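Descriptive analysis of the structure
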Amino acid sequence: MKYIVSGEEMAQIDSYATKVIGLSQMALMERAALKTYEFIREKFPDKIKVLVAVCGGNNGGDGIALARMLGQAGDDVEVYYVDENGRTSEGFKRQYEIAKKLQVRFIDELVDAGYDLIVDAIFGVGLDRAVSGKQETTIRLLNDFKGYKLAIDIPSGVDAYTGFVRGVAFRADATITFGLMKLGLMRGVGPEYCGEVRVVGIGFPKQAVEHIAPSLFTYELKDLDHLLPTRRADTHKGSYGRVGVIGGSKNMAGAVLFSAEAAYRMGCGLVKVCTDEVNREIVQTRLPEALLETYDSEDRLSVEKSMWSMMKWADVLVVGPGLGKSEAAVLAVSHLLRYCEKTIILDADGLNILAEHKELLKEKKAEIIITPHLLEMSRVSELSTAEIKEHMKEIAQSFASMHKVIVVLKDARTIVSDGSPQSYLNYTGNNGMATGGTGDVLTGMIAGLIAQGVDGYDAAKLGVFLHGLAGERAAKEVGCYSMTAGNIVKCITKVLEGDDNDQ
């Protein structure tokens, strides 16, 4: 597990490390500059011509220290100081004085002089306003310069929390960021501006990070060893739980199949699909491993009987894939939420029905996991998609806390919250997963984990992480343009086996 921080949280960690624990700000600057220097030497082993653009904050101090190190190593270095308001930090002042004594060259005018490397050290993670004036002009000029572009900590102009651009932003080929990953590098348009990201340690004590307790965390591959449910030798299919998948309507059989197969591939023992009678042949042909329960959608008693049967049989229920919004579908969702005491994962049409019958959340007896994308969340929460996208963590956390549910809010960077102060942010996956059926695969994966005894919140987090890994593996095999949900299902096996997980 690793934390992901906002600019404010990173500033608090820095402050605690220096003012409470007593670390030297200059020592942290020197380490930051040295780590950046080492990164540059990896990219450019030979001597190069470098431009470092700085402002008067600590980020600028990092940049001046870097310029000094490069100059001492024999590189041809120039520093452009964007002196907008005359305000400087103490760290910047000290680095500036050292640089002057060592004849680091400062320039007064920006000209594209054939630099091999342009380093952005103008703003750090504390930017809280739109970029304007001389700083805006400088960033626009730097973007037009040729040469490899490197941002220190975060590209200037990118909001460290939202990942949105504050007027204008530096477009980097790479970003070297210190201590912890910054949220703005992962969300919004941040990934388009940061390029390759390298997170490097510069000596922030573990106690400083734990004292601040950042509100977002994510998983790493090494976490899988203790997160995945164990499988013992002396077991049988009943040992790994039962997943019920309720969904599918006329001409909409595929969604339940994706969920059901994904649950099997996650390792659960048995899967039963409950669907409209019209889908019997398709389900039995496409997924013969699945058990089958069917109902007549025109017969209220038939629907209710099937729901009672599924509640009794399953350990966890997936409700909604391809279900539609017919009277039978509304009846099924209402019945399950009112009477089921097993965990329910509500997705797709299950969420659309919930959006029109919000009173059901007050009547629920089960642990509920909802897996909405932005538009579905908008329907359920009655907030705009723009507002949700900008405040995903807060909205997921608030909704989960208010309604006592687990929220899997899906986007390029999915948020998972149970309403507690810390939420999970997922970094795995790719844009090839923006295709029909991938959400159905995710619900099946989460259900498969719960069936094996994994706690609902833990299963939601782990399911999202593994789902993204399977998407990454599928992209390697077929590419992002050609990826389908079926490709992702097949790659679950390879991810669980640890096949080619080289992150």
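Residues numbered from 1 in each chain as written. Predicted model: local features only at pLDDT ≥ 70, side-chain atom pairs only at ≥ 80, totals over all residues. Heavy atoms only, no water.

A look at the packing of aromatic side chains
As enumerated under the stated definition, the model contains 12 aromatic pairs in all. For the pair Tyr81 and Tyr96, a centre-to-centre distance of 6.2 Å together with 55 degrees between the ring planes defines the contact as tilted. Of this pair, Tyr81 sits in strand β3 (residues 76-81) while Tyr96 sits in helix α4 (residues 90-101), placing them 15 residues apart in sequence. By relative accessible area, Tyr81 is classed as buried at 19%. On the basis of an interplanar angle of 45 degrees and a centroid distance of 4.9 Å, the ring pair of Tyr219 and Tyr424 is categorised as tilted. You can see Tyr219 sitting in the loop between β10 (216-218) and α8 (224-227) and its partner Tyr424 sitting in strand β19 (residues 423-425), a full 205 residues away along the chain. (Phe/Tyr/Trp six-rings, centres within 6.5 Å; stacked < 30°, edge-to-face > 60°. Helix = DSSP H or I, 4+ residues; strand = E, 2+ residues; numbered from the N terminus. Buried < 20%, exposed > 50% of the residue type's maximum accessible area, 1.4 Å probe, protein only.)

Quick look at the sheet that holds strand β7 (residues 174-178)
Note on sheets: strands pair through backbone hydrogen bonds, and any given pair is parallel or antiparallel. Pairing is parallel across the open sheet formed by 7 strands, whose spatial order is β4-β3-β2-β5-β6-β7-β9. Taken across any chain shown, the strands that pair with only one partner, and hence form the sheet edges, are β4 (105-107) and β9 (196-200). Put simply, the sheet's adjacent strands are angled 25 degrees from each other on average, direction ignored. Where β3 meets β4, 3 bridges bridge the pair, whose relative direction is parallel. Its bridge partner being in β4, Glu78 is matched across the sheet by Arg105. (Pairing = 2+ DSSP bridges. Axes fitted to C-alpha atoms, helices over the stretch in contact; angles between N-to-C directions.)

Details of a negative patch on the surface
On the surface, a cluster of negative charge is contributed by Asp296, Glu298, Asp299 and Glu327. Looking at the element boundaries, Asp296 is found in the loop between β13 (291-295) and α11 (300-313). (Patch = residues over 30% accessible without salt bridge, like charges linked within 9 Å, V, L, I, M, F, W, Y side chains within 5 Å. Areas by Shrake-Rupley, 256 points an atom, 1.4 Å probe, with all protein chains shown as cover. Salt bridge = Lys/Arg side-chain N within 4 Å of Asp/Glu carboxyl O. Lys, Arg positive; Asp, Glu negative; His and termini not counted. Charge placed at Lys NZ, Arg CZ, Asp CG, Glu CD.)

Without other data, these values stay purely geometric and don't point to any function.
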